[in-house]
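Spelled out from the first residue to the last, the chains are:
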Amino acid sequence: MQKNLKKYFPVFVLPALIAFLISFLIPFLMGIYLSFTEFTTVSDARWTGFSNYIRAFTGNSDFLNALIFTAKFTVVSVISINLLAFILALTLTRKLKGTNIFRTIFFMPNLIGGIVLGYIWQLIINGVLLRFGVDITFDAKYGFWGLVILMNWQMIGYMMVIYIAGIQNLPADITEAARIDGASDSQILTRITLPLLMPSVTICTFLTLTNSFKLFDQNLALTGGAPGKETQMLALDIYNTFYGRVGYEGTGQAKAVIFFILAAIIAGTQLLITKRREFEQ
């Protein structure tokens, strides 16, 4: 059986490998090359060195402002989503009536597309702010907290399901032994549940971190970067640079490469830290 599997392994892998090369690796490498050129189409690319990368930071302050805004949003979203999702998971694993219904309700927003969610929450938030004679684009702080609320509403249910799966797989005998020894609920939570739940924490932190950092659809629909690009996140800034400014295609591509490197470093660092905590348990 093993020999047959090894024999036909290339046959099964080849289609996926070809798709990966065509749809990801080749465009990715071409994008890196184009970030060092000036171009309007791929065929007329002209090598310019690091000028696009220099212009990304010195041309105007949009990219740096978007980076700062994205960093603040990511920190707040990762903490709030994981904290609320964990609290919900603890609540919905206590064998209360109707927990399956609540799990479904909390999970459903994750099934709605980002553009749709953005416009829905724009209507809701503007309806509230209308009483004060303003809208979500009046002040950057409205857009910031609007994006945080939207992201929490969309992702809490998904993270909750992962935490529930982790909690339900915890060995019950350890908790029971701790209770017999006189451990309080808070001690069980901090010294048993959380340490054993680190694999779930790793997954949820990674998902919320990457999804928050690369947010685009919701940002475009909810605020569009207004007012004055103050709520523009990195992905939206790259989009506006590449498609909204003639002659800046190479700069937009350079920003995209920088964005990829930042996302890879941040996500990789997070995985190393949380994985190390798993092995320490």
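Here we summarise the structure given alongside this text. What you see is a predicted model; the values in this text were computed from it and never measured.

1. What to know about the packing of aromatic side chains
Alright, step 1. Going through the model one piece at a time under the given rule, you end up with 21 aromatic pairs.
Alright, step 2. Pairing Phe213 with Phe259 gives two aromatic rings, centres 5.5 Å apart and planes at 10°, and the pair type is stacked. Of this pair, Phe213 sits in helix H9 (residues 198–213) while Phe259 sits in helix H12 (residues 249–280), and the two are 46 residues apart along the sequence. In this structure, Phe213 and Phe259 share a single accessibility class: buried.
Alright, step 3. Joined through ring pairs, the aromatic side chains of Tyr33, Phe36, Trp47, Phe50 and Tyr53 make up one cluster.
Alright, step 4. Arg55 extends its terminal NZ or CZ atom over the ring of Tyr248, reaching a point 4.2 Å from the ring centre.

2. Re the pattern of salt bridges
Alright, step 1. A complete count under the given rule lists 4 salt bridges for this structure.
Alright, step 2. Lys229 is paired through a salt bridge with Asp62; the nearest N and O atoms lie 3.1 Å apart. Linking Lys229 in the loop between helix H10 (217–222) and helix H11 (234–244) with Asp62 in helix H3 (residues 62–91), this pair joins segments that are 167 residues apart in sequence.
Alright, step 3. Under the relative-accessibility criterion, Lys229 is labelled partly exposed at 42%.
Alright, step 4. A residue is classified by how much of its surface remains accessible, and Asp62, at 17% relative accessible area, is buried.
Alright, step 5. Residues Arg179 and Asp185 are paired through a salt bridge, measuring 2.8 Å at the closest nitrogen-oxygen approach.
Alright, step 6. Judged by its relative accessible area of 45%, Arg179 falls in the partly exposed class.

3. Considering the packing of helix H7 (residues 172–180) against helix H8 (residues 185–196)
Alright, step 1. Viewed as axis vectors pointing N to C, H7 and H8 meet at an angle of 155°, and their least axial separation amounts to 11 Å. Comparing their axes, H8 and H7 come out roughly antiparallel. Seen along the crossing, H7 lies across H8 with a hand that is right-handed. In this structure, H7 uses Ile174, Thr175, Ala178 and Arg179 to contact H8, whose residues at the interface are Asp185, Ile188, Ile192 and Leu196.
Alright, step 2. Looking at the contact of H7 with H8 residue by residue, the class counts come to 5 nonpolar, 1 polar and 2 charged.

Thresholds, definitions, all that
Residues numbered from 1 in each chain as written. Predicted model: local features only at pLDDT ≥ 70, side-chain atom pairs only at ≥ 80, totals over all residues. Heavy atoms only, no water. Phe/Tyr/Trp six-rings, centres within 6.5 Å; stacked < 30°, edge-to-face > 60°. Helix = DSSP H or I, 4+ residues; strand = E, 2+ residues; numbered from the N terminus. Buried < 20%, exposed > 50% of the residue type's maximum accessible area, 1.4 Å probe, protein only. Lys NZ or Arg CZ within 6 Å of the ring centre and 35° of its normal. Salt bridge = Lys/Arg side-chain N within 4 Å of Asp/Glu carboxyl O. Axes fitted to C-alpha atoms, helices over the stretch in contact; angles between N-to-C directions. Parallel < 35°, antiparallel > 145°, perpendicular 65-115°, else oblique. Left-handed = near helix turned anticlockwise from the far one by under 90°. Contact = heavy atoms within 4.5 Å. Nonpolar A, V, L, I, M, F, W, Y, C, P; charged D, E, K, R; others polar.

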